[in-house]
Every structure is written in structure tokens, then in C-alpha cells.
Amino acid sequence: MARWCYRHRLVVLILWVGALLGLGFAGSAAGTNYADTFTLPNTDSTRAYDLMEKAFPERSGDTDTVVWKVDGGTARDASVRSRIEPALEEIGRMKGVGEVSSPYAAQGASQISGNGRIAYAQITFTEQANGVPKALVEDVVDTAQGAERAGLQVELGGQAITRTQEPPTGIAEMVGILAAAVVLFLAFGSLFAMLLPLVVAIAALGTGLMATSLLSHVTDVPEVAPLLGSLIGLGVGIDYALFIVTRHRRGILRGMEPEESAVTALNTSGRAVLFAGGTVCIALAGMLVMNMRFLDGVVVATSLTVVLSVLAAITLLPALLGLLGMRVLSRKQRRRLAAEGPESEEASGLAARWSAYVQKRPRTIAAGALVVMMVLALPVLSIRLGATDQGNHQDSTTTRQAYDLLAEGFGPGFNGPLQVVVDGGDATGGASAGDVDALVSAIRSTDGVAQVAAAPPAKGITVIQVVPTTSPQSEKTDQLIDRLRDDVIPESGAKAHVGGVTAVFKDFAAVTGERLPYFVAAIISLGFLLLMVAFRSLVVPLTAALMNLIAAAASFGVLVAIFQWGWGTELLGIGKEGPITAFLPVIMLSLLFGLSMDYQVFLVSRMHEEWVHTKDNARAVRVGLAETSRVINCAALIMICVFSAFVLSGDMEGAMAGIGLAAAVALDAFILRTALVPAAMHLLGNSNWWLPAGLEKRLPHLAVEPREEPADEPHARVPDAESGTGAGSGADGGSTVIHGFVRTPDGAPVEGAALTLLSKGGRQLDRVTSLADGSYIVSVPSAGSYLLAVTAQEHPSRARHVMVGAEPLVYDVELAEDEVDAVN
């Protein structure tokens, strides 16, 4: 498929552009229909919600609040009324506004605070918040705040009002893309190579978001789903393309033609991308174990974006590579390639030196990395799940100031009232007046209750509004809900349920806490099975599962310190501290486990390949780390930039997810995969690759890397027409040998050294053991370039690239005590 896409690049590009434009046109014509369904089956708050919906179906529009405060006198003064009442009347006449309840109306006395200095009016729109035109909301805000004067402060709060404070759509995505572009340019040094991952990610993200908006018409998709889809789509889209482009550029620099290099890159890194994308989708699907309708839409949006990111990487990317040809390299690299020829396949630089250092001091590095992760994880012990509200907005926003004014004038619990819904059964008038009065009296005498008021019954349902003495995010409010449910209502004998936004989020947090262990067990088990099948080992997937748990604990520790303890919230511009949003752990764990599996696959697949060919664990871990750590760290840096940019999204949940995932990726890539995982694998030795023989026979085979091509197919060099050297030269172009001696620096022979001949693709061709005099002979299938790896007890492993012609090659190997493998 990669070759077809490369050769038919214009067809592929037309199909992608057509899909993007078609979905864009359909999405703009249909609009969106996002719905935040936080209700949970079989919870008390859901029963209350269902009863209220039955009794008051007409209360469907979003209700927002206008709050004003006077510095002197009272809100009842004629000078205040003369400014506020005309503004409220003008708002009431606006198209899209259903009702305005004024404190100056006959029944509005309760809307003025006890000291008379703070009052509020409620504006009920005809649509829910996401359906109210933004222009209408802006007109309401401008009209209300136009009544301000010296000594009269006017603020507005509510879900619809929040929309006016959101930054321009796509600002977080644009900042993330620009940051990623800088990292890519520094990594590649080429403008065209930098653009490739960005174009692929934007194409996948655009189609994913537009498809999600269409799906919102046929299934419940929460409003936060597109934001999370953008967050994960940009991250994995850029990273997947990065892995493939890096492999493609490396192939060209080592002498391959662009088409063959692209096909090889897709057949190697592309396979790993397919596998990695599958693991992310499986981790996301683990959210379905929670049985929460709210999360189903999140699974749909994020999984769809990941699938399209993988599809773009394996179809659109090879087409773009075909358009660019050699221009995927910078001009400097193209000039050097023309002047000096293909570069060596030997890895070098900082990554190789770090890999050798990890091999020498695995205990020290493992202990240091583990201590860092444990310290960062400590705050997670005090995590408290709940809900963010407008009290967590920045001080400068009108919603935060309206929240604070209502709390000042009517008590902190006024911003999160509870609804006790009394079910009167088949009685036409609902529960008897005496029963309701008795329940109201019992609630009023309960500790933690500031105000109680019962509304007239409708369709057998009576709603009692309860205002707590504490804020919606206070633990004492949660305790009040428990007292009402466990003691007050049962003792009254009434059939009633406690609802309201505060109760809904409390139930959401409780259900999340109960089901989270099952969710974690499900995604860890699935990840364990996938890695076991792919790498034929029990220890590697077990290590990965443990590392994922450590990364999760540390990232949540960072999240608690910032958002719950308030360390740096004002500096980051994300408002006031509060509890961690109840649904965030599930979403973050899904994304974190999926992304961690990506890095684990890219790292361990190279180690596993080396292990299969050499059976030398130390070399396998060293080579795997040296050859993949740079691209993993580069990919992680891009994800950190993308995720961190979502602090600018204007959404508290988006900021939490962004910072939490940025911290998780940083810790996972720079500490776990670069230090702790390889150090642990060095300490575990050959047991890393242990799998019981009986299990080996029963497991299906799932190859992350492609099958090696036969030795006589095009791994060898093309014959040189002038010199006659290369594959097929000589008498018959057939097999030959490499022979020589294995000795120490002082000339002593090394007996029992294992010499392994590997093809350029890494396939083992021959393996022998040196004799008592140190001599050896390995068979070579044909002339060409090969890797000769040597391992011996009490000596460091070493490997060299050798060029074999038509005649036998004499090659003596010297094993130094402190030698660092030049390949790495």
C-alpha cells in the first residue's frame, strides 16, 4: 500500500482534500449538537433529575444571572433602579431571551441581599448554553454592564456568559502547532521535513473534528470531547508522522532511493504506528468499562481522531513523500550526500553515550529515577475528585466576580443549591402538604443548611431548594448531601431524592472512585496481553504495566499540586485552585496508558529485534536505547508543547488535561523510557525475554517488525560497473566467508566467543563460536555490507560493519576491556 500511495500521490491527495472539504461542508451545514449528559444510571441525583424533567419540561433553556452591587445606599434606591430596570427590560425584549426575573418585581424581594447592597436578576434563554448565539450573549453582557456607573458594579455569570470569555477558537491548537513546528525544524533542519508531520496531523485532526460534529447529531457527544480529540489528535498525529519521516530520512542518508526508503519506512515504522494506534484506541475503549454515558462520546471523538491520524500517516504521508522526493533532506544534507556518499549506519552522539552510561550504572540510575517519581507522586495521596465551576475562573473575569458577589450577598452555598425532589406518586397534588412541610422543617434544622424553600407542586412532584452554608466545592457540602440522603429524608418518611449540579458531580466522583480499579485493571490487562504477544515475553509487559502505574501516579501528583493545592495556578493564568474534575482521571489514564504504550512499543521493538538476532540482552538494551531515545524524546517534546498549549483553551478541564498529560509525557519519556526502563532491563538480564515454552506455542504471532527479506534479495550493494565489485561480482557472485582470530589487546586468544553475522536489515545469517586458538569462520551468502557482532564472557560486546567482496575476507577481532561499541 505504501508503494501504491507513493506512486499515485496525486490520487491520494485529491481523496484527502475531497474528504476534508466534504466533511467541512457537511459539518458547517449541519452545525453541532453537543450535549453534556452527566447523569449516571441508578444514582440518587439521576432519579431527582428524571422527576424534575417530568414535572417541569418547559424549563429547558439556560439560566444565567446578572448581579449588581452598590457601594453606598441599597439596590432598592431609585438611582440604582433607574439604571438597572431599563437594561433588564431591553434584555427581555431580545430575540432568544425567554424570561427575565427582576428583584424589583412583586415576587423578587428574595433576590436582594440582607444588607440590601447586592441584588441579582435571572435571564432564561430559549436554548441551552451551547445553542444560544454568541452575538446574543455579547449583547446581553454589553447591555447589562452598560448600566454601570461609579459606585455601581454589574457582573454576569452562567454557562452562556462563559462563552464570551473563551479565547478565539483554535488558539490553543495554533500555539501547539507553532511550538511543534519549532521543535521539528530544530530536529530536521529542513522546512519541507518540518511541514510533513504538521500537514498530516492537521488533515487528520480536521477530518476527525468535522466527523465528530456530525456524530453529535446521532449520539450524545459532550462539549469537552472535541477539545480532548484535538489534544490527543495533534499529539499522536505529529508523533506518528515524525517516526516515519525520521526512518525515511535515515534511509535516504544511508544510500537508499527515495521510493525504496519510503516503502521501507512504512513497512517498519509504519507497522509500529499501526500497532501503537491500536493500543491507544484499546486504552480509550477501556473507558466504556466505566458505564458512564458522558464518557461514551469522549471515546467516540478521541478514538476517531486517533484512527484518522494513523490512516493519514500510512496513506497521506507516503504520497507527500513522493511529492518531495529528495527535498525531504535539507540542502546541506543533499550536498553532503552528493559529495561524501551515504553516511555510516553506526549510531553515535549523546544518545549512544547515555546508553553506554546506563549500562555501566543501572542500579544508580534506576534508584535515582524511582526516587524522583515517588516524590512527585506523593501529592496524589490527597487527591479529591469533584467539579470545577465559575469560582475557579480567573479573578479578572465577570463570571468569577459574579460568583464572588453572590457568595458575599447570599452565602457561599448560593452558587450550588441542592434540589430535594419529593415524589408524590399518583397523588394529583403530590405529596401531602403536611409531609412536605415536615420535610422542609427537618431540612431547615439540619446542620449546614442556610435556606430552604419549597416550590408549588406540579404533576405530583414537589421541589425543595436547599442552599448550603458552604460552597459547592467544600467537603462539608458533600457531607450535607450524605446527611440528607442517609438520615433526614428516611426519618421523614418521604420518598425524595437529592439532585442539582453539586449532587450530580458528587455522585459522579463516587461512581468514578468505585469503578476506577476495574477500569485500570482492564486497560493494563489488555496492554499486557498485546505486549506479551508482540514481544514473546512475560517480564517486558509486566515492566511496562508497572511503569505505566508509576507514570500515572506521578502525573496525578503534579496535577494535584497545581490545581488542587494551587501551586502556580495564578502564574499559569488558570484561576483558583479546587478539586480535580471527577471524570478527568478516567480520560487521562486512557490517554496516558495509550501514549505510554506507544513509547514502549517504539523502544522495546528495537531491543527485541536486537535480542532475536544476538541473544545478548546487554547489547539489545543498549542498541535499542541508543537508536530510539532521540526520536522518542523529540516526539515527547512535541507532545509536551501541544498539550501545554491547551492551558490557553479557556476551559478548566482542558487546562487540567493538558498540563496533566504534558507532565505525564515528560516524566514517561525523559525519566521512565530513557532511564528507568533500560536500567531495569539491564538489571533483569536475559529474564526480560522469558516466556514459558507451553505459552509460546499457544500464543498467536503478531509481528511489529516486518519479516526479513531473503538473503539473495536486494540487501547487497548494486555492482559497480567500473570496478566490478559488489553483489554478484567474482567468479559466480556466490557465497564466501569471513575468517580470522578473536584476541585480547595483548594477543591472547579468546575461546568460546560468539560471533553473529547480521544482514543490513538485522536478520541473523550465521552464528559460530571461536575455537581454542581464537579462530573462527562465518559464512557469507553474497558480497555486500554486513554487521559482525561479537560477545564473550568477561569482555564487552562489540560490533563492526564489514564490507565483503567476492573473495574471503580476513578480519581479526580485538576485545578490549573498557571498549564502547562503536555502533552505539
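Just so we're clear, the structure is a prediction, and the values are computed from it rather than from any experiment.

## Section: the overall build of the protein
In terms of helices and strands, the protein carries 24 helices and 18 strands. Projected onto its principal axes, the C-alpha coordinates of the protein cover approximately 110 × 50 × 50 Å. For the protein, buried positions account for 55% of its 824 residues. Taking as baseline every contact in the protein between residues at least 6 positions apart, the subset at least 24 positions apart corresponds to 76%. Only carbon and sulfur atoms are counted for the fraction: they give 57% of the accessible area of the protein, which is about 34700 Å². When the 60 positive and 80 negative side-chain charges of the protein are each reduced to one mean point, those points stand 4 Å apart.

## Notes on a negative patch on the surface
On the surface, a cluster of negative charge is made up of Glu-90, Glu-138, Asp-139 and Asp-142. The dominant element in the negative patch, judged by the number of residues it contributes, is helix α5 (residues 134-145), at three residues. Inspection of the secondary structure assignment puts Asp-139 in helix α5. On the basis of relative accessible area, Asp-139 is assigned to the partly exposed category, the value being 40%.

## Description of the packing of aromatic side chains
Under the defined criterion, the tally for this structure stands at seven aromatic pairs. The rings of Tyr-120, Phe-410 and Phe-414 are connected pair by pair, giving a single aromatic cluster. It is Arg-9 that lies over the ring of Tyr-6; its NZ or CZ is 5.5 Å from the centre. Over the ring of Phe-192 we find Arg-327; its NZ or CZ atom is 5.6 Å from the centre of that ring.

## Structural notes on empty space enclosed by the protein
All chains considered together, the criterion is met by four cavities of 30 Å³ or more. Of the voids in this model, the largest cavity is the one considered here, and its volume is about 120 Å³. Ile-523, Gly-527, Asn-548, Phe-593 and Met-597 are, among the 17 residues lining the largest cavity, the residues nearest its centre. If you list the elements that add at least two residues to the lining of the largest cavity, you get α10 (258-285), α18 (501-535), α19 (539-564) and α21 (584-614). The class makeup of the residues in the lining of the largest cavity is 13 nonpolar, four polar and no charged.

## Describing the packing of α19 against helix α23 (residues 652-684)
Relative placement of two packed helices is described by the angle separating their axes and the distance separating the axes. Here α19 crosses α23 at 140°, and the two axes come no closer than 8 Å. Handedness of the crossing formed by α19 with α23: right-handed. Along the lines of polarity and charge, the residues of the contact of α19 with α23 split into 23 nonpolar, four polar and two charged.

## Points about the nonpolar core
Most often, soluble globular proteins keep nonpolar side chains buried together rather than apart. Membership of the largest hydrophobic core comes to 162 residues, with the highest contact counts inside it found for Met-287, Leu-295, Phe-519, Phe-563, Ile-638 and Phe-643. A total of 20 residues in this core trace back to one element, the largest contributor, which is α23. Here Met-287 is in contact with Leu-295, Val-298, Val-299, Phe-519, Val-586, Ile-587 and Ser-590, once residues within four sequence places are set aside. Val-66, Val-80, Ala-119 and Ile-123 belong to the second largest nonpolar core, which has 30 residues in total.

## Considering the sheet that holds strand β15 (residues 784-792)
One key point about sheets: their strands pair by backbone hydrogen bonds, in either a parallel or an antiparallel sense. The four strands lie next to each other as β13-β12-β15-β16, forming an open sheet whose pairing is antiparallel. One side of each edge strand has no neighbouring strand; the edge strands of this open sheet are β13 (764-769) and β16 (795-804). Sheet twist, expressed as the mean angle between neighbouring strand axes with direction ignored, is 20°. Sheet topology places β15 next to β16; eight bridges connect them, and they run antiparallel. Residue pairing in the sheet places Tyr-786 in a bridge with Val-802 of β16.

## Observations regarding unusual backbone geometry
For Arg-536, which is not a glycine, the phi torsion comes out positive at approximately 50°. Within the secondary structure layout, Arg-536 lies in the loop between α18 and α19. Accessibility expressed as a relative area gives 13% for Arg-536, which makes it buried.

## A word on the pairing of strand β6 (residues 418-423)
Burial of β6 is extensive: six of the six residues sit out of reach of the surface. Here β6 shows two buried faces, one formed by Leu-418, Val-420 and Val-422 and the other by Gln-419, Val-421 and Asp-423. Pairing between β6 and strand β8 (residues 461-468): six bridges, direction antiparallel. Looking at β8, one finds that Gln-419 is bridged to Gln-465. Bridge count for β6 against strand β9 (residues 496-499) is four bridges, and the pairing is antiparallel. Along β9, the bridge assignment pairs Val-421 with His-497.

## Structural notes on helix α7 (residues 171-188)
When the terminal C-alpha atoms of α7 are compared, their 26 Å separation across 18 residues agrees well with the 26 Å that a helix rising 1.5 Å per residue should span. Of the positions making up α7, those classed as buried are Ala-172, Glu-173, Gly-176, Ile-177, Ala-180, Ala-181, Val-183, Leu-184, Ala-187 and Phe-188. Considering only its buried residues, α7 is in contact with α8 (191-215), α9 (225-253), α12 (331-340) and α22 (617-644). Phi turns positive, to about 70°, at Gly-189, one or two residues after α7.

## Quick look at the confidence of the model for the protein
On average, residues of the protein score 82 in pLDDT, and 90% of them reach the 70 mark or higher. At the level of individual helices and strands, the protein shows its lowest average pLDDT in helix α20 (residues 569-572), which scores 71, and its highest in helix α14 (residues 362-377), which scores 94. Here residues 708-733 scores under 50 on pLDDT; set against residues more than four positions off or in separate chains, the count is 34 contacts. A low-confidence stretch, residues 818-824 (pLDDT under 50), is modelled with 27 contacts involving residues beyond four sequence positions or located in other chains.

## Re the pattern of salt bridges
On inspection of all chains with the given rule, the structure shows 11 salt bridges. With a shortest N-O distance of 3.2 Å, Arg-81 and Glu-85 are connected by a salt bridge. Taken together, the positions of Arg-81 and Glu-85, both in helix α4 (residues 78-92) and four residues apart, correspond to about one turn of that helix. Judged by its relative accessible area of 30%, Arg-81 is partly exposed.

## Examining a nonpolar patch on the surface
Residues Val-182, Phe-185, Leu-186, Leu-191, Phe-192, Leu-195 and Val-199 make up a contiguous nonpolar surface patch of about 640 Å² in total accessible area. Of all elements in the fold, only α7 and α8 reach the threshold of two or more residues within the nonpolar patch. Considering each element in turn, the nonpolar patch owes the most residues, four residues, to α8. Structurally, the position occupied by Leu-191 is in helix α8.

Cut-offs used in this document
- Once a new chain begins, its residue numbering starts again from 1 and follows that chain's sequence as written.
- Given that the model is predicted, a residue must reach a pLDDT of at least 70 before its local features are reported, and side-chain atom pairs must reach 80 or more before they are shown or counted; all residues, however, enter totals for whole chains, interfaces and linings.
- With hydrogens and water stripped out, all remaining heavy atoms of the structure feed into the side-chain values.
- We count a stretch as a helix when DSSP gives it H or I for four or more residues in a row; a strand needs E for two or more, and each element gets its number in order from the N terminus.
- Here's how the labels work: a residue is buried when its accessible area is under 20% of the maximum for its type, exposed when over 50%, partly exposed in between, all with a 1.4 Å probe on protein chains only.
- What makes two residues a contact is simply this: any of their non-hydrogen atoms within 4.5 Å.
- Methods summary: accessible areas were calculated by the Shrake-Rupley approach with a probe of 1.4 Å, and residue burial reflects only the protein chains presented.
- Two residue types count as positive, namely Lys and Arg, and two as negative, namely Asp and Glu; His and chain ends fall outside the count.
- To locate a charge, take atom NZ for lysine, CZ for arginine, CG for aspartate or CD for glutamate.
- Put simply, a patch holds well-exposed residues, over 30% relative accessible area, that have no salt bridge, with like charges counted together within 9 Å and Val, Leu, Ile, Met, Phe, Trp or Tyr side chains within 5 Å.
- A carboxyl oxygen of Asp or Glu within 4 Å of a side-chain nitrogen of Lys or Arg is what we treat as a salt bridge.
- For Phe, Tyr and Trp, rings pair up if their centres lie within 6.5 Å, where Trp contributes its six-membered ring, and each pair is then called stacked (planes under 30 degrees apart), edge-to-face (over 60) or tilted (otherwise).
- A ring has a charge above it when a Lys NZ or an Arg CZ is no more than 6 Å from the ring centre and no more than 35 degrees off the ring normal.
- The way it works is a 1 Å grid over only the protein atoms, where trapped points that fit a 1.4 Å probe form a cavity and open points with protein on both sides within 12 Å along at least five of seven lines form a pocket, and then any residue with an atom within 4 Å of a point lines it.
- Grid points are joined across faces, edges and corners, and a volume is the space filled by probe spheres set on the points.
- Note on residue categories: nonpolar means Ala, Val, Leu, Ile, Met, Phe, Trp, Tyr, Cys or Pro, charged means Asp, Glu, Lys or Arg, and polar means any other residue, Gly included.
- Structural elements are reduced to axes, namely lines fitted to C-alpha atoms, with helices fitted over the stretch in contact, and the angle between N-to-C directions of any two is expressed from 0 to 180 degrees.
- The hand of a helix crossing depends on one turn: near helix anticlockwise from the far one by less than a right angle means left-handed, and clockwise means right-handed.
- Residues belong to a common nonpolar core when they are buried Ala, Val, Leu, Ile, Met, Phe, Trp, Tyr or Cys residues joined through side-chain atoms within 4.5 Å.
- In this description, strands pair whenever DSSP reports at least two bridges between them.
- An expected span of 1.5 Å times one less than the residue number is assigned to each helix.
- Per residue, pLDDT captures the predictor's confidence, and it can take any value from 0 to 100.

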